[in-house]
2 protein chains.
Amino acid sequence: MSILVVGSVALDTIETPSGRVEEVLGGSAAYFAVAASYFAPVRVVAVIGDDFPAHERAMLSSPNIDLAGLEVRKGRTFRWTGRYHEDMNIRDTLDLQLNVFADFAPVLPARYRDTPFVFLGNINPGLQGGVLDQLTQPRLVACDTISHWIEWARPELETLLRRVEIVVINDEETRMLGRERNIVRAARNILALGPRTLLVKRGEYGVLLFSPNSVFAVPAYPLEEVFDPTGAGDSFAGGFLGYLAQSGDLSEAGFRKAIVYGSVVASFVVEDFGLRRFRSLSREEIDRRYRQFVALTEF
Amino acid sequence: MSILVVGSVALDTIETPSGRVEEVLGGSAAYFAVAASYFAPVRVVAVIGDDFPAHERAMLSSPNIDLAGLEVRKGRTFRWTGRYHEDMNIRDTLDLQLNVFADFAPVLPARYRDTPFVFLGNINPGLQGGVLDQLTQPRLVACDTISHWIEWARPELETLLRRVEIVVINDEETRMLGRERNIVRAARNILALGPRTLLVKRGEYGVLLFSPNSVFAVPAYPLEEVFDPTGAGDSFAGGFLGYLAQSGDLSEAGFRKAIVYGSVVASFVVEDFGLRRFRSLSREEIDRRYRQFVALTEF
């Protein structure tokens, strides 16, 4: 089954202790789409400027990625410049230019409207809700958000959460949204807002799943080389929803396998800058690391 | 089989966001001994002053804990005062008085010398080595250490590590000892110093096991209430070695089960101040949470 993703497509300039790249393909929708495309067809809704380089756009091209909803608007593409510390859990945003992304108002091509699986990447929660209004029969809706919206658009965000099954955010966002320092209690507060499932991304420490009846904890795959953590969270979400859309198994067990697939895909993307690692990554490699993941965690 | 523990027995004054306790039983040997005693007989080597309150000492009393090696010396007991932040991963030491612990030179009672399982709690690595000299046939030796010794006594510590099978330290200590920011590479560097196994304690994020041929990652049990993180690491080590001493299974699978038992015991101790939670904790509760741990992590 197909997956719709709405979010940003950007040109990122990234500096990490391992090196630097300039103006490469980035953005939540880009990472999500390529990650999910290993498992299921993906439909992208995003906006870029008419300055977007053809060779960067080419990295999004795949038989499994539909770009009919990738609007090209006159003007400059969204740009982000960030620098990671020696401790790559910490990064500074050095420059942020929204450009054409500032006026992004997602409009779905007609053939996207019946997409069953939906990922609402981090944009204004009002716009995320507007995407849901355009869908005829979404089967499973997941969303991301960031501290900015939790702080400045909580009413709109809470309205959205009543229409969403799965929230995918990091631990600080969980604490903010749940208004509670303890992560378990914060998670319960978030589930009380509507979603059936909360996934807490903890970077190198793995992922927690909370639902009304269960908790699932999985560590991250320990890596010897992390070149660039950018996009790990969106790649996780892509692998997660991609596997669900492929398997159609929305049981607790299906969610758990999907979380491990998401973790595996995320563990690959950080091995090189931007989306580069995906250029050579095969589905066979993903399945092999999935089996290594089983060996890593079973007792 | 029996376990020998050498370390501190202290009077702790602890302040956390949940409250405050004054001059309660603490110290690495105390937490380790009580945690391990759920699984196997424990022999304690430590020193206290003649001011040690009888009711605090009583918390160490158990048919499974041999206190023949708990020396009572004229003078004041080791005291530690600490305050935890709202984020309980961060704590400040407000006061530290070594007192009789300053001249601690562990001497093993004759009947301790054939103990097969050994835990060298955090003391000067030269003294840790001196304990090994007094043992006739240790079967499995584990040690802890802290940044102070890594920084100021590295040669002595490296000498010790050649005589130790298992190192149990936290992630910052792993990075320091392995002279490397990446935890996987740091672990390899530490294994090259002699130990067969490294356990990395990551607090609320769980534990990593590294051995030459495998890696095992386990999350921590997510808790709704953490009252006091003091002693979690030593309780983990106690549950871990306790289970190994009870089962005698030193295979990879045995180590993994032992790590989960250690994590379970640690998850209980933080539910109340100091060692209080152990007063009511039963082995049945430990086994029940072990099964919950399986449910928490299986996929």
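Keep in mind the model is a prediction, meaning the values are calculated, not measured.

Caption draft 1: Region of the structure containing the overall build of chain A. Secondary structure summary: chain A contains eleven helices and 13 strands in total. Since a compact globule built from 299 residues should have a radius of gyration of about 19 Å, the 18 Å found for chain A is in line with a globular shape. For the C-alpha atoms alone, the extent of chain A along its principal axes is close to 50 × 45 × 35 Å. In chain A, buried positions account for 51% of the 299 residues. Restricting the contact set of chain A to residue pairs at least 6 apart, pairs at least 24 apart contribute 65%.

Caption draft 2: Geometry of the sheet that holds strand β8 (residues 117-120) of chain A. All names here are of chain A. Taken together, the nine strands give an open sheet; going across it, the order is β5-β4-β1-β8-β9-β10-β11-β12-β13, and neighbouring strands pair in mixed fashion. Across the chains shown, the open sheet's two edge strands, defined by having one partner strand only, are β5 (65-73) and β13 (214-218). Recorded for the sheet is a direction-independent mean angle of 15° between the axes of neighbouring strands. Summarising the sheet, strand β12 (residues 207-211) and β13 pair through five bridges and their orientation is antiparallel.

Caption draft 3: Inspection of the pairing of strand β3 (residues 19-26) of chain B at higher detail. All names here are of chain B. Here strand β2 (residues 10-16) pairs with β3 via six bridges, running antiparallel. Considered in β3, the bridge of Ile14 is made with Val21. Here β2 folds back onto β3 in antiparallel fashion, the turn holding two residues.

Caption draft 4: Up close: the sheet that holds strand β5 (residues 65-73) of chain B. All names here are of chain B. Taken together, the nine strands give an open sheet; going across it, the order is β5-β4-β1-β8-β9-β10-β11-β12-β13, and neighbouring strands pair in mixed fashion. The open sheet terminates on both sides in strands that have one partner only, identified here as β5 and β13 (214-218). Each adjacent strand pair in this sheet contributes to an overall mean axis angle of 15°, direction not counted. Taken together, the five bridges between strand β10 (residues 166-170) and strand β11 (residues 197-201) define a ladder with parallel strand orientation.

Caption draft 5: Main features of the relation of the copies chain B and chain A. When chain B is fitted to chain A, the residual RMSD is 0.0 Å, and the transformation amounts to a turn of 180° plus an axial shift of 0.0 Å. Here the transformation between the copies is reduced to the relation of a two-fold axis.

Caption draft 6: Spotlight on the interface of chain B and chain A. Each partner contributes residues to the interface: chain B has 24 residues there, and chain A has 24 residues. Looking at the side of chain B that touches chain A, the element that brings in the most residues is β13(B), giving four residues. Its residues assigned to classes, the side of chain B that touches chain A comprises 14 nonpolar, three polar and seven charged.

Caption draft 7: Looking closely at the packing of helix α1 (residues 28-36) of chain A against helix α8 (residues 232-247) of chain A. Residues and elements named next belong to chain A. In contact at an axis separation of 7 Å, α1 and α8 are set at 40° when each is read in the N-to-C sense. The chirality of how α1 crosses α8 is right-handed. Together, Ser28, Tyr31, Phe32, Ala33, Ala35 and Ala36 of α1 and Asp234, Ser235, Ala237, Gly238, Gly239, Leu241 and Gly242 of α8 make up the contact between the two elements. Of the residues assigned to the contact of α1 with α8, the class counts are seven nonpolar, five polar and one charged.

Caption draft 8: Layout of helix α1 (residues 28-36) of chain B. α1(B) sits mainly inside the fold: nine of its nine residues count as buried. Inspection of α1(B) places Ser28(B), Ala29(B), Ala30(B), Tyr31(B), Phe32(B), Ala33(B), Val34(B), Ala35(B) and Ala36(B) among the buried residues, and these make up the whole buried set.

Caption draft 9: Region of the structure containing helix α3 (residues 125-133) of chain A. Restricting attention to buried positions, one finds in α3(A) the residues Pro125(A), Gln128(A) and Val131(A). Down the axis of α3(A), the buried set is contained in an arc of 105°. They therefore lie on one face.

Caption draft 10: Seen up close, the confidence of the model for chain A. Per-chain confidence: chain A averages 97 in pLDDT, with 100% of residues scoring 70 or above. The ipTM for the predicted assembly is 0.92, set against a pTM of 0.95.

Caption draft 11: How the structure looks around the nonpolar core. In this structure, Ala142(A) and Ala142(B) are the most contacted members of the largest nonpolar core, which totals 208 residues. When residues no more than four places from it in sequence are discounted, the contact partners of Ala142(A) are Val118(A), Phe119(A), Val164(A), Glu165(A), Ile166(A), Val168(A), Ala237(A) and Leu241(A).

Caption draft 12: Seen up close, unusual backbone geometry. All names here are of chain B. For Asn99, which is not glycine, the phi dihedral falls at a positive 50°. Locating Asn99 in the fold gives a position in the loop between β7 (91-97) and β8 (117-120). The backbone phi angle of Arg179 is positive, close to 50°, even though this residue is not glycine. As for its placement among the helices and strands, Arg179 is situated in the loop between α6 (171-178) and α7 (183-191).

Caption draft 13: Inspection of the environment of Ile286(B) at higher detail. Mapped onto the secondary structure, Ile286(B) falls in helix α11 (residues 283-297). The contacts of Ile286(B), once residues within four sequence positions are left out, are Tyr38(B), Val264(B) and Val265(B).

Caption draft 14: Seen up close, the environment of Leu60(A). Inspection of the secondary structure assignment puts Leu60(A) in the loop between α2 (54-57) and β5. Considering only alpha carbons, one finds Leu60(A) and Thr93(A), 33 residues apart in sequence, at a separation of 24 Å.

Caption draft 15: Examining the environment of Ile259(A) more closely. Residues and elements named next belong to chain A. With respect to the helices, strands and loops of the structure, Ile259 is situated in helix α9 (residues 252-269). Along the backbone, Ile259 and Arg43 are 216 residues apart, and their C-alpha atoms lie at a distance of 21 Å. Not counting the four nearest positions on each side in its chain, Ile259 is found in contact with Leu199, Val207, Leu209, Phe216, Val218 and Phe240.

Rules used in this analysis
Residues numbered from 1 in each chain as written. Chains lettered and ligands numbered in written order. Predicted model: local features only at pLDDT ≥ 70, side-chain atom pairs only at ≥ 80, totals over all residues. Helix = DSSP H or I, 4+ residues; strand = E, 2+ residues; numbered from the N terminus. Rg over C-alpha atoms; globule rule 2.2 N^0.38 Å. Buried ≥ 20, exposed ≤ 12 C-beta atoms within 10 Å, placed from the backbone. Contact = placed C-beta atoms within 7 Å. Pairing = 2+ DSSP bridges. Axes fitted to C-alpha atoms, helices over the stretch in contact; angles between N-to-C directions. Least-squares fit on C-alpha atoms with pLDDT ≥ 70 in both. Nonpolar A, V, L, I, M, F, W, Y, C, P; charged D, E, K, R; others polar. Left-handed = near helix turned anticlockwise from the far one by under 90°. Arc of directions from axis to C-beta. pLDDT = per-residue confidence, 0-100. Core = buried A, V, L, I, M, F, W, Y, C linked by C-beta atoms within 7 Å.

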